[in-house]
Every structure is written in C-alpha cells, then in structure tokens.
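Structural overview for review
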Amino acid sequence: MSNSKFIRIAEVIEQKIETGEFPQGSKLPTHRLLAEELGTTPATVAKAYKLLNDRGCLESFIGRGTFVRANSELDKAIQAPDEETNFNFSILQPCLERNVPALKNAYRQSAELLTPSVIGYVEHSGHEAHRAAGVKWAKKYGLEGANSDNMILTNGAQHALSLLVDTLTKPGDTILVERLTYPGILAIVNMSDRHVIGVDLDEYGLCPEALASAIDAHQAAMVIAIPSHQNPTGISMPESRKKEIARVINDKRVWLVEDDIYCFLDDEPVPPIANFAPDYTFHISALSKAISPAMRCGYLKAPESQIMALNANIRTNIWLASPINFIAATLLIESGDAFRLADQQREVANERQKMVREIFTSIEFTASGYHIWLPLPAHWQPDRFAMEAKNRGVIVTSGSYFCANNESTPHVRLSLMSIGNEARLRDGLNQLQRLLDSDINSFFPC
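Taking an unreviewed UniProt entry as the reference, the protein is identified by name as GntR family transcriptional regulator belonging to Celerinatantimonas diazotrophica. Check the Sequence similarities (unreviewed entry) section of the UniProt entry for the protein; it says "In the C-terminal section; belongs to the class-I pyridoxal-phosphate-dependent aminotransferase family."

This is the structure we're talking about:
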C-alpha cells in the first residue's frame with residue numbers, strides 16, 4: 001500500500017480499541033510485534049501510533065511504551081475547539097457571541113445582589129425565588145403543574161439526568177432510551193452499571209407500541225426520551241404522540257425522564273409529556289442551549305412523591321447548585337431577556353437550516369433546530385467520513401456515538417450553531433458537501 005497505509009493501520013487499531021481487544025489503559029504491542037501481525041513494517045506502525053497519539057486515542061511514555069488513553073466517549077463525540085480546527089460541527093450550543101452582552105449585564109447585576117443569606121447554605125435544592133424563575137421558564141414553553149415546591153435546581157441538564165438515574169434506579173436495572181440518542185445519556189447509564197436498551201423511533205419520535213413491549217420484555221425501571229428537536233435525529237413529537245407515550249407510562253407505571261432542553265426551539269409551545277403523566281414524569285429544562293452551557297442552570301420538575309429523595313441526593317453529593325449562577329439566570333428570566341435571547345437563537349437556527357437546504361440540495365431534511373442528521377452516501381462509513389473530515393480541519397460527529405444498541409447508522413450529526421460567522425459556516429458546509437461527493441478510494445486506496 002502507499003503512504004496512506006499507516007492511516008489504514010490506525011483504523012485497524014481503532015477498531016481493536018472499540019471492540020475491546022485493546023481495552024482502555026492497556027499497553028499496545030511494540031512496533032515490531034504489531035508490524036508482524038499486520039504484515040507491514042515497524043515504521044508504518046510507528047506512523048499509525050503517532051497519528052492516533054495526535055488524535056488523543058493513545059499516549060506514549062519513554063521507556064514504558066504506548067497505551068490506550070482512557071477517554072470518555074463524550075470526548076470523541078463532542079470535541080472542544082482548538083487552534084488547528086477550522087470548523088467544529090460537533091458542539092450543540094447557541095451562537096454565544098449573540099448572548100455575551102446580556103450575560104455580562106446579568107452577572108454585573110448579580111454582584112450587587114450577593115448577600116450572606118444568598119450565598120450561604122439553603123434548604124431544598126436552592127432559593128425559592130430561583131426555583132420560581134425555573135417555573136416561569138418552563139411554563140413559557142408549555143409545562144403545566146410546576147411550582148416552587150416541585151421544581152428542583154440542578155447543575156445543568158446533565159446533572160439532572162445523572163441525579164435521576166442514581167436516585168430512581170439501582171445497578172443492574174434496565175433503562176430504555178430512544179434507539180438513537182444523546183451520547184451523554186449513554187455515558188451516564190453505562191458508567192452507573194445500568195443496562196441500556198434502545199427503542200424504535202419513527203417520523204414522530206419514540207414509538208408507543210415498541211415502548212410498551214420493551215417495558216414488559218425488559219422490566220424496565222426508567223425511560224429517558226428527548227421529545228423536541230431530538231438529539232441526534234432532530235425529530236419533534238407532536239402533541240398526539242406525546243399523549244400516546246403518556247398513556248403507556250401511566251399504564252405501565254414506570255418512571256419517564258423527559259429531557260426537554262430544546263423546547264424553546266418550537267415555533268409554538270407544544271405541551272410536554274409531563275402534562276399528561278405528571279405522577280411518573282420528571283421534566284428537565286435548562287438554559288444551556290438557549291443562553292450558555294457555562295451557566296449550568298437546570299430546572300427539574302418532579303412528582304411530589306420523589307422531591308424529598310431527590311433533594312437528599314443533591315445535599316449528599318453537591319449540597320446545592322451554585323446560587324450565583326441562578327441569580328444571573330433569574331435576572332435574565334424576570335427581565336424577559338432570557339426569552340428574547342431564546343427567540344433570537346431560534347431565528348438563527350431557522351436561517352441556518354435554510355442554508356443547509358441550499359447546500360445539500362440532493363438531501364431532503366424535515367427537522368429543524370440546532371443540528372442536522374446528515375445521511376451519508378452508500379460509499380461512506382460514518383467513522384471514516386468523520387476521520388477524513390477531521391483531516392480537512394472539519395469536526396463532525398459520527399452516527400456511531402448515538403446508537404444505543406451498538407448498531408450502525410449511515411449518518412453524521414452536524415451542529416449549525418457553534419460556528420458564529422455565517423460565511424465561515426457556509427464554507428465549512430461546502431467542504432462537507434464536496435467530501436460527500438468524493439471517491440473514498442482516493443483517501444483509502446486498496
């Protein structure tokens with residue numbers, strides 16, 4: 001093979017890591033031994049090791065050898081920007097440049113409100129005024145039945161998910177998720193020694209019949225669903241489907257976690273599932289996608305029966321979410337700036353979805369929101385596509401990270417919001433369009 005042989009060797013090593021043949025933290029064979037196994041030269045293996053070192057998959061130590069880096073799957077699926085990356089399509093966040101002025105103003109005002117009583121310890125999960133602001137935020141987007149007594153403050157939506165898994169289930173329990181789902185959910189379930197099973201989706205979201213069957217077949221302890229602008233497919237459940245899911249939850253009497261952090265992207269509020277199954281549903285909303293991930297302000301509306309247990313878990317692990325962030329969040333919500341910023345982000349997302357349709361003319365898209373679930377031509381495998389895109393300075397997320405049942409899916413996910421400049425965004429999308437049309441053999445010759 002040619003100069004690109006080391007790339008193919010790197011792929012073989014990555015496959016061995018993914019299948020567990022080379023476990024995280026394990027020492028890899030020497031260059032010579034692996035060269036003999038793969039029918040190549042030690043120099044080619046050395047180049048492959050260096051490539052994987054540069055990608056963060058391996059780490060080498062003089063005198064000790066080369067080891068598989070113990071990375072979280074989230075590190076691969078969601079990559080922070082670096083100086084060598086021209087275009088990062090892996091991060092689902094708002095266009096932050098547009099929100100900075102309002103954030104600066106809110107935090108300046110927050111400083112004037114710091115009193116001993118505000119920044120000290122407090123009962124429950126946080127101050128009542130901050131919980132009431134969470135009620136106001138969620139109510140704006142359709143949630144009913146929330147009040148300052150059943151609203152819990154968390155360090156963002158990810159903390160809320162982890163809190164619920166830890167409090168309501170035990171090791172060995174089965175948790176049902178959408179067949180294609182957010183990798184952060186999979187990371188929580190796998191790290192906590194629970195079993196995860198993916199349930200089928202259709203064009204309206206989670207399938208009620210499949211969900212009911214899976215609950216019975218696996219004696220599921222919990223269901224986690226993303227009803228609006230689902231990550232990664234972009235599907236939004238209509239109200240009729242949400243009512244069908246609620247009927248299953250009420251009938252089976254199983255806990256439902258409704259991760260509704262993208263609800264502000266709906267053109268008109270659609271009632272959440274929690275409205276129709278309030279006794280079993282935990283509704284999560286947050287400011288990370290509308291305002292800023294750094295605020296870490298999550299709002300969890302829970303059934304009355306579970307408030308005490310959740311608050312006890314919070315006190316045991318973090319005591320309370322930072323009131324300082326919630327002061328700023330409350331100011332933004334009470335002033336109306338939070339809703340104005342959310343509306344602005346929705347408008348930007350809609351304009352960028354139009355740009356996608358102008359560039360990828362041969363592909364039909366039905367979803368809206370912050371991202372697209374891009375189908376790949378038959379000649380492209382998602383991990384290879386993501387790797388070649390990265391070689392061009394473009395970061396996309398392979399569909400393999402979203403598969404709950406270890407299946408393959410011929411897609412990559414593209415975030416449309418993390419690149420602030422529209423001209424640069426268009427340039428990056430055009431590069432991906434050219435890559436879609438290119439011949440894979442020009443990068444990976446036989």
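Once you've had a look at it, read on.
Let us look at the packing of aromatic side chains. Enumeration over the complete set of coordinates arrives at eleven aromatic pairs. Seen from their ring centres, W255 and Y280 are 6.2 Å apart, and the 50° between their planes marks the pair as tilted. Of this pair, W255 sits in strand β10 (residues 255-259) while Y280 sits in the loop between β10 and β11 (281-286); the two residues are 25 residues apart in sequence, bridging distant segments of the chain. Like W255, the residue Y280 is buried in the burial classification. With a centroid separation of 5.2 Å and 70° between ring planes, the pair formed by W255 and F282 is classed as edge-to-face. Within this pair, whereas W255 is found in strand β10, its partner F282 is found in strand β11, the two being separated by 27 residues in sequence. Taking the relative accessible area as the measure of exposure, F282 reaches 0% and is therefore buried. Taken together, the aromatic side chains of W137, Y141 and F339 make up a single cluster linked through ring pairs.

A word on the sheet that holds strand β13 (residues 371-375). Taken in spatial order, the three strands line up as β13-β16-β15 in an open sheet, and their pairing is antiparallel. Strands with a single pairing partner mark the edges of an open sheet, and in this sheet they are β13 and β15 (397-398). One ladder, built from two bridges, connects β15 with strand β16 (residues 411-415); its direction is antiparallel. The residue bridging T397 from the neighbouring strand is R413, located in β16.

Before going further, it helps to examine the sheet that holds strand β5 (residues 174-178). An order of β4-β12-β11-β10-β9-β5-β6 is seen for the seven strands of this open sheet, with the pairing classed as mixed. Each edge of the sheet is formed by a strand with only one pairing partner; in this case those strands are β4 (151-154) and β6 (195-199). The sheet shows a mean angle of 20° between the axes of neighbouring strands, taken without regard to direction. Taken together, the four bridges between strand β9 (residues 222-225) and β10 define a ladder with parallel strand orientation. Note on β10: the bridge partner recorded for V223 is L256. Along the sheet, helix α10 (residues 208-218) makes contact with β5, β6 and β9, crossing β5 at roughly 165°.

Its 13 residues give helix α13 (residues 323-335) an end-to-end C-alpha distance of 18 Å, which sits within 8% of 18 Å, the value for a rise of 1.5 Å per residue. All of the buried residues along α13 are P323, N325, F326, I327, A328, A329, T330, L332 and I333. Contacts from the buried residues of α13 go to α5 (100-112), α6 (116-119), α7 (128-140), β4, β12 (298-301) and α14 (337-359). The first or second residue beyond α13 is G336, which carries a positive phi of 90°.

You can read the domains of the protein as domain 1 (2-68), domain 2 (73-97 + 339-437) and domain 3 (104-335). Each of domain 1 and domain 3 has a C-alpha centre, and these two points are 41 Å apart.

A pair of packed helices is characterised by two quantities: the angle between their axes and the separation of those axes. Interhelical geometry of helix α15 (residues 382-391) versus helix α16 (residues 422-437) gives an angle of 130° and a closest axis separation of 11 Å. Our classification of the angle between α15 and α16 gives oblique. Pair α15 / α16 crosses with right-handed handedness. Contacts between α15 and α16 involve F385, E388 and A389 from the first element and L432, L435 and L436 from the second. Split by residue class, the contact of α15 with α16 holds five nonpolar, no polar and one charged.

A separate point is a nonpolar patch on the surface. Taken together, L114, I119 and I324 make up a surface patch of nonpolar side chains, about 250 Å² in accessible area. According to the relative accessible area criterion, L114 is partly exposed, its value standing at 38%.

Before going further, it helps to examine the packing of α14 against α16. The interhelical angle for the contact between α14 and α16, taken along N-to-C directions, is 35°, at an axis separation of 10 Å. Both α14 and α16 take part in a crossing whose hand is right-handed. Between α14 and α16, the contacting residues are R352, M355, V356, E358 and I359 on the first element and E422, L425, R426, L429, N430 and Q433 on the second. The residue makeup of the contact of α14 with α16, split by class, is five nonpolar, two polar and four charged.

Counting 90 residues, the largest nonpolar core has W137, L211 and Y299 as the members making the most contacts within it. Among the elements that take part in this core, helix α8 (residues 156-168) stands out by supplying seven residues, more than any other. Inspection of this core shows a minimum of three residues originating in each of domain 2 (73-97 + 339-437) and domain 3 (104-335).

Basis of the calculations
- Residues numbered from 1 in each chain as written.
- Predicted model: local features only at pLDDT ≥ 70, side-chain atom pairs only at ≥ 80, totals over all residues.
- Heavy atoms only, no water.
- UniProt positions renumbered as here; feature names shortened; annotations may be inferred.
- Phe/Tyr/Trp six-rings, centres within 6.5 Å; stacked < 30°, edge-to-face > 60°.
- Helix = DSSP H or I, 4+ residues; strand = E, 2+ residues; numbered from the N terminus.
- Buried < 20%, exposed > 50% of the residue type's maximum accessible area, 1.4 Å probe, protein only.
- Pairing = 2+ DSSP bridges.
- Axes fitted to C-alpha atoms, helices over the stretch in contact; angles between N-to-C directions.
- Contact = heavy atoms within 4.5 Å.
- Expected span 1.5 Å × (residues − 1).
- Domains from an automatic or database assignment.
- Parallel < 35°, antiparallel > 145°, perpendicular 65-115°, else oblique.
- Left-handed = near helix turned anticlockwise from the far one by under 90°.
- Nonpolar A, V, L, I, M, F, W, Y, C, P; charged D, E, K, R; others polar.
- Patch = residues over 30% accessible without salt bridge, like charges linked within 9 Å, V, L, I, M, F, W, Y side chains within 5 Å.
- Areas by Shrake-Rupley, 256 points an atom, 1.4 Å probe, with all protein chains shown as cover.
- Salt bridge = Lys/Arg side-chain N within 4 Å of Asp/Glu carboxyl O.
- Core = buried A, V, L, I, M, F, W, Y, C linked by side-chain atoms within 4.5 Å.

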